[in-house]
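# Fold and contact review
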Amino acid sequence: MTGGLSATAARTEGSLATLRRGLRMMPEFRRGLPATFALALLATTGRVVVPISVQQVIDRGLGAPGGPDLDLVRTVVLLSAVVVVVTAVAVYRMNVRLFRTTETALANLRVRAFRHVHDLSMLHQQGERRGSLVSRVTSDVDQLSVFMQWGGVLGLVSVGQLLVATVVMAVYSWQLTLLVLVCFVPLAIAVRAFARRLVVVYGVVRTRVGDVLAAVAESVVGAPTVRAYGVRARTAARIDAAIARHYRAQVDAQKVTAAVFVSGEFVAALANAAVVVVGVLLGLAGDITAGTLVAFLFLVTLFVAPVQTASEVLNEAQNAVAGFRRVLDVLDTEPDVRDPAVATPDRARQLPDGPLGVRFEHVAFRYAPGARPALDGVDLTIEPRRRVAVVGETGSGKTTFAKLVTRLMDPTGGRVLLGSDAGGWVPLTDVAFASLRSRVVMVPQDGFLFDASVAENVRYGRPGMTDDEVAAAFDELGLRGWVEGLPAGVATPVGQRGESLSAGERQLVAVARAYVADPHLLVLDEATSAVDPATEQRLTRALDTLTAGRTTLTIAHRLSTAERADEVLVVDAGHVVQRGPHAELVDAEGPYARLHASWRRSSAGEPEPAGLTP
Amino acid sequence: MSRRRDAVVRRGLRHIGRAVREQPGMFTLALLASSLYGAMTVASAWVIGEVTDRVLLPSFDDGVTTASALTLAALAIIGVAVLKIVGILGRRLFAGVMSYRLQAEYRRRVTGQYLRLPLSWHQRHPTGQLLSNANSDVESAWFFVAPLPFACGALVMIAITSVALVLTDPLLAVVGLVVFPLVFVANIVYSQVMSPRMQRAQQLRAEVSEIAHESFDAGLVVKTLGREDGETARFAVRADELRDGLVAVGRVRGLFDPMMEALPNLGTLAVLLIGAGRVADGATDAGELVSVAYLFTLLALPIRAIGWVLADLPRALAGFDRVTPVLEATGETPHGPDAAAGTPGGAAVALRDVGFAFEGAEQATLHGVTFDVPAGRTVAVVGPTGSGKSTLAGLLVRLVDPTDGAVLLDGVDLRRLREGEVSGQAAFVAQSAFLFDDTVRDNVTLGGPYGDDDVWAALRVAAADGFVSALPDGLDTRVGERGASLSGGQRQRLALARAVVRRPRLLVLDDATSAVDPAVEARILDALRGSDTPTTVVVVAYRQATIALADEVVWLEDGRAVARGTHDELLARVPGYAALVRAYQQAEVPA
């Protein structure tokens, strides 16, 4: 359960491999890259122009044979100033190009990942913690974007700067260049080691942040419990401990970061000192001039800066690559239930017109290979327009039933067909989603509502309806009174997840949503929560209207639902063990009679160890 | 607008002052280290100049050098660098520690308030808001502290540089006096242009995240209604807006970065131009020219640190403004001096003309509720949705205080009891069971003095022993955040065991048995009431099986206790009661 999508992909994949995989998925990003690189190269030439002019001014201006040549100084400075300004413009252009292409690419990546999550089967969506799926399309992509805006540009310019500085240094003096490079070799090795350490310490920081979040949540969500049991001090101690651990992790990480940073500084000083000593000796041998040597000192700072930047950016880069990998892993996860209209267009079919029946042929389902089958060897046919209640203990497999009929999952054995004897039967796996979703509708247990108006939520079942049509639908369901009692009628906002409405009222809206979708086959997963009596009555009436004339499969948790159905299917341990109208089954010896008796008991006030009633 | 800006600057400075006052030691250390860094940065430029003047140029001019001169030059460069490194290390560590300490301290204070403030305060604040107050708001309030000493050190550096420039050559100083303020002003303009754009991007990020949350939560609805395309389109609109917002941010930064780079470069060139003339005039020498030019290339970064602090201040203030109300909130639950009677057996509970209204609510939730629960009796509180049952349950264990009247435990007003007395006498189990991210054992004992036998006994009573013994580590199994690894029914049973293990004198169950079998429920009550000195039980109930366990029923309607009697009496006498009980019976859920 913890593994989910991310664990399956290769953990060992290197950063470069991730980047290559990512670039393949983001053609928008690749397209403008050569021009951006050209601008980056141009940008770095601006940086070497200052050291060059220092050298020119000292050697040829001040050190000119006939005394200082101020005209030459003026020319050099003016030319350099022009180059500096042109460079600035080039950098600006490069930045904007880079931001635009990366943001466009990332926005598209975000949208694709979002869509892909919806395409994954229920199994995947449940296996992955929902919060972590959300972070695939939010914080993981954000991290990439932040990195591109800070580190990406810096990194690009740094690489260019490193190259250009090296070339210019080599032109001035290959001996000194070699010297500088030798000084930096140990640094390059050290930075690699530090990078691994950084990944570890920042990983710890992230874990600790999560612990703090969880501990803080206890003081808020658990407020009544904390007070009722007088455990304030104990809870405070737990939170403080989490905060202290987080603090220590932060300080540890800071130590490593600081060490990485100063190692660059130290190597730069070593290089400078070495350049002075060797440079003077070389100068004495007549190999270089004073101006060249001074310019070289400037060039060393240009050479150091990118190395330091790299150590700064490294941690961000690791995070960004890790986030990138997580997003790509989602995109690389093949949905196991695919729309045939997309996957195998030549096999995709429409459902036959008219009422739909359901047929199971040797259907079996396991949630994981080797697990106990949730359903096994189920063979049955439900005729069109029948209202069937599926009952059974928790874990009997009745919910699996609903998921298979709506193709939220595919059976691991056998097949499910929809249709009728008159119109023909179509295997569910061949039905194009457009046809399936318009004809088969499920009302889930928790009729999720969006943070919008009642009308918006109903329209979700049939886009494009007017408010009047929505009101009319409520009217037909016998819910006019309820709608009129709302502060703003159908325009009343329902709040986040519909929380401004009661659980029962949310179900009313969910029923209306299914009603306007006008399906031929309805699958109802009945809610288990208690609903106040007035709403309960409305719900019952609305459900009667909704199910009238439609094939209906209800996963029943209530006695009354089973009693009203045309037929009851009793599921036990993955098998359909009984089938028939309530009236027949209740008198027959068997699981249904037992289930029924237990229902009766819990509602009639006869708890089992008798004698407790006053 | 500009006055508002002034206000932000003034408040920002005050906020900086607050940070310094909270952590004076760390700030001083970080500032000293930053100043050392600043001074050494200037010194490194000076050393380069001196080396040029005294070692490089003479050697090149004369064609000879001495080993001692070269060694001295190398040592000077490395010595200054080492001091600079000490400065950097100190600055980073102390500034980091200062910022992290502030974060930790304010998190402790905020959560301390969460634990101290009464439940009525909690009810007025959305959970999400409280969580972000303690987390992201605290973080953003002190984020600017990390570069703060660096920025202060930069000020020191600018001061040293200005003095050094004036002493070296007043004319060259003019260049510095133009470039430094320019860099500074550019930074301020930048932060002011940037902060609204950053806020907008942040806002859009939140919206994108909200849609993703909602849409994935609605996964089943989206899938079964075939609305993936519609949802994707809805998400894409916001994602594109976010893209545009981020590009707008990038545009400003994309302009600012090269400007910040070009300004010191142009300064260096100006120094060369003017300096060459001065050298020609003999007013200064080449070494000084080099050191001033070198300085300009080194100063750009520290000056930007000032910009970082300034740019982050609006966000810091916004975060701090959200945290302040929590820190300043008052309304601690006052406790009295009395001890509870402490006699063994059930407590006698009495409500005297109790009224309760939520703050700001137009209508009271409860009015003039008066009834007694004699010691050892079990009373069910029944009523339609919104009749005030849960509020009543909370009043009995002093989760909230009544606005009128009094709740008495063994004849003593709950408000007169010492802290910890009520929770020592009474146990409360809420509708939705709350578990801590801890072991099964600790969730039952909550640190109380109960041995494993007590815990297992309580688990048995709550019918939780079966699943707990099947858990991989038994009592030591961690239940995850809010008990995430358990089912709703299992969580509820652990919460019941937590109440049972205390052998409370008063047990209040607020619809706390909805997910357990009626037989288990009966067993729990039986265990508590079975002794010679039975526990007093008040139970908010819906199902008949639960109601049937009570000696008496109090019928609540619109916040008033309208009727009281046995179940059968009320069935016969109160039409509303009869209707409600029958309706639930119809809608009953199997256990």
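Since we're looking at a predicted model, the values are computed, not measured.

Now for the overall build of chain B. Assigned secondary structure in chain B consists of 20 helices and 10 strands. With the C-alpha coordinates aligned to their principal axes, the bounding extent of chain B is approximately 120 × 55 × 50 Å. A burial count over chain B gives 55% of its 591 residues as buried. Intrachain contacts of chain B at a sequence separation of at least 6 include 76% that bridge at least 24 residues. Only carbon and sulfur atoms are counted for the fraction: they give 56% of the accessible area of chain B, which is about 23,300 Å².

The subject of this paragraph is the environment of Asp473 of chain B. Residues and elements named next belong to chain B. Relative to the helices and strands, Asp473 is located in the loop between α15 (465-470) and α16 (488-501). Residue class for Asp473 comes out exposed when judged on its relative accessible area of 52%. For the pair formed by Asp473 and Ala212, sequence separation is 261 residues and the distance between their alpha carbons is 36 Å.

Right, let's get into the sheet that holds strand β10 (residues 560-565) of chain B. All names here are of chain B. Read across the open sheet, the 6 strands follow the order β6-β7-β8-β3-β9-β10; overall the sheet is mixed. The open sheet has two free edges, formed respectively by β6 (426-429) and β10, since each of these has just one partner strand. The average angle at which neighbouring strand axes cross in this sheet is 15°, direction not considered. This element, helix α11 (residues 389-396), spans β3 (378-382), β6, β7 (506-510), β8 (536-540) and β9 (552-557) of the sheet and lies at about 155° to β7. Contacts from α16 reach β6 and β7 within the one sheet, and its direction differs from that of β6 by about 175°.

With that out of the way, let us pick up the domain arrangement of chain A. Taken domain by domain, chain A consists of domain 1 (15-172 + 320-335), domain 2 (174-287) and domain 3 (357-604). For domain 2 of chain A versus domain 3 of chain A, the separation of C-alpha centres amounts to 55 Å.

This part takes up helix α5 (residues 127-142) of chain B. All names here are of chain B. Between its terminal C-alpha atoms α5 stretches 23 Å, which fits the 22 Å expected from 16 residues at 1.5 Å a residue. Of all the bends in α5, the greatest measures close to 45° and is centred on Asn133. Along α5, the residues that are buried comprise Leu130, Asn133, Ala134, Asn135, Asp137, Val138, Ser140, Ala141 and Trp142.

Another aspect to go through is the domain arrangement of chain B. Residues and elements named next belong to chain B. Under the domain assignment, chain B is made up of domain 1 (11-328) and domain 2 (349-586). If you average the C-alpha positions of domain 1 and of domain 2, the two centres end up 56 Å apart. Carbon and sulfur atoms make up 60% of the surface buried where domain 1 meets domain 2, a total of about 370 Å² over both sides. The three residues of domain 1 that bury the most area against domain 2 are Leu119, Gln123 and Arg124, which together make up 83% of that side's buried surface. The interface formed by domain 1 and domain 2 includes 0 salt bridges. Counting across the domain 1 and domain 2 interface gives 0 residue pairs in polar contact (both at pLDDT 80 or more). Residues that form the side of domain 1 that touches domain 2 fall into these classes: 1 nonpolar, 2 polar and 1 charged.

Residues and elements named next belong to chain A. The calculated volume of the second largest pocket comes to roughly 1,600 Å³. Leu19, Phe147, Gly155, Val159 and Ala317 are, among the 42 residues lining the second largest pocket, the residues nearest its centre. When residues of the lining of the second largest pocket are traced back to their parent elements, those giving at least two are α2 (15-25), α4 (33-62), α5 (70-119), α8 (139-172), α9 (174-221) and α12 (290-332). It is α12 that provides the largest number of residues to the lining of the second largest pocket, a total of 12 residues. For the lining of the second largest pocket, the class distribution of residues is 32 nonpolar, 8 polar and 2 charged. Taken domain by domain, the makeup of the lining of the second largest pocket includes at least three residues from each of domain 1 (15-172 + 320-335) and domain 2 (174-287).

Attention now moves to the confidence of the model for chain B. Of the residues in chain B, 95% have a pLDDT of 70 or more, and the chain-wide mean is 84. Within the model, the stretch residues 587-591 of chain B combines pLDDT values under 50 with 17 contacts to residues more than four positions away or in other chains.

The subject of this paragraph is α16 of chain B. Residue and element names in this part refer to chain B. In this model, α16 (14 residues) spans 20 Å end to end at C-alpha, consistent with the 20 Å of a helix rising 1.5 Å per residue. Burial runs high along α16: 10 of the 14 residues are buried. Within α16, the full set of buried residues consists of Gly489, Gln492, Leu494, Ala495, Leu496, Ala497, Arg498, Ala499, Val500 and Val501.

Residues and elements named next belong to chain B. Across the sheet, which stays open at both edges, the 4 strands sit in the order β2-β1-β4-β5 with antiparallel pairing between neighbours. Each having just a single partner strand, β2 (366-373) and β5 (412-413) make up the two edges of the open sheet. Two elements, strand β4 (residues 404-409) and β5, share 2 bridges in a ladder whose sense is antiparallel. Considered in β5, the bridge of Leu409 is made with Val412. Each of β1 (349-356), β2 and β4 is contacted by α11, which is oriented at about 125° to β1, the strand it contacts most.

This brings us to the interface of chain B and chain A. Opposite the 146 residues of chain B that make contact, chain A presents 143 residues. Counting each side, the surface lost to burial between chain B and chain A is near 13,100 Å², with a carbon and sulfur contribution of 72%. Remark: the boundary between chain B and chain A carries 6 salt bridges. Across the pair Lys84 of chain B and Glu265 of chain A runs a salt bridge, and its minimum N-O distance is 2.9 Å. Seen at the junction of chain B and chain A, the total is 23 residue pairs in polar contact (both at pLDDT 80 or more). The element that contributes the greatest number of residues to the side of chain B that touches chain A is helix α9 (residues 228-281) of chain B, accounting for 33 residues. Residue classes in the side of chain B that touches chain A are distributed as 82 nonpolar, 29 polar and 35 charged.

A few words on the nonpolar core. Counting 272 residues, the largest nonpolar core has Phe184 of chain A together with Trp142, Phe144 and Leu494 of chain B as its most contacted members. Considering each element in turn, this core owes the most residues, 21 residues, to α12 of chain A. Not counting the four nearest positions on each side in its chain, Trp142 of chain B is found in contact with His15, Arg18, Ala19, Ser99, Leu102, Gln103, Tyr106 and Phe320 of chain B. The next biggest cluster of nonpolar side chains, apart from the first, holds 40 residues, and it includes Leu479, Val490, Leu524 and Leu539 of chain A.

Let us now look at the pattern of salt bridges. Residues and elements named next belong to chain A. Counting across every chain of the model gives 55 salt bridges over all chains. In this structure, the salt-bridge partner of Arg459 is Asp467, at a minimum N-O distance of 3.2 Å. A relative accessible area of 15% places Arg459 in the buried class. Note on Asp467: relative accessible area 34%, which makes it partly exposed. Across the pair Glu484 and Arg480 runs a salt bridge whose closest N-O atoms are separated by 3.6 Å.

Further remarks concern unusual backbone geometry. Residue and element names in this part refer to chain B. Positioned with a positive phi, Arg398 is a non-glycine residue whose angle comes to about 60°. Note on placement: Arg398 falls in the loop between α11 and β4. Exposure remark for Arg398: the relative accessible area of 9% places this residue in the buried category. Phi is positive for Asp558, which is not a glycine, with a value near 50°. Along the chain, Asp558 falls in the loop between β9 and β10. Judged by its relative accessible area of 58%, Asp558 falls in the exposed class.

Conventions used here
- Residues numbered from 1 in each chain as written.
- Chains lettered and ligands numbered in written order.
- Predicted model: local features only at pLDDT ≥ 70, side-chain atom pairs only at ≥ 80, totals over all residues.
- Heavy atoms only, no water.
- Helix = DSSP H or I, 4+ residues; strand = E, 2+ residues; numbered from the N terminus.
- Buried < 20%, exposed > 50% of the residue type's maximum accessible area, 1.4 Å probe, protein only.
- Contact = heavy atoms within 4.5 Å.
- Areas by Shrake-Rupley, 256 points an atom, 1.4 Å probe, with all protein chains shown as cover.
- Pairing = 2+ DSSP bridges.
- Axes fitted to C-alpha atoms, helices over the stretch in contact; angles between N-to-C directions.
- Domains from an automatic or database assignment.
- Expected span 1.5 Å × (residues − 1).
- Bend = angle between axes of the 7 residues up to and from the residue.
- Buried area = accessible area lost by both parts, 1.4 Å probe.
- Salt bridge = Lys/Arg side-chain N within 4 Å of Asp/Glu carboxyl O.
- Polar contact = N/O pair within 3.5 Å; in protein donor to acceptor, adjacent residues only side chain to side chain.
- Nonpolar A, V, L, I, M, F, W, Y, C, P; charged D, E, K, R; others polar.
- 1 Å grid on protein atoms, 1.4 Å probe; cavity = no way out; pocket = protein on both sides within 12 Å on 5 of 7 lines; lining within 4 Å.
- Points joined across faces, edges and corners; volume = space filled by probe spheres on them.
- pLDDT = per-residue confidence, 0-100.
- Core = buried A, V, L, I, M, F, W, Y, C linked by side-chain atoms within 4.5 Å.

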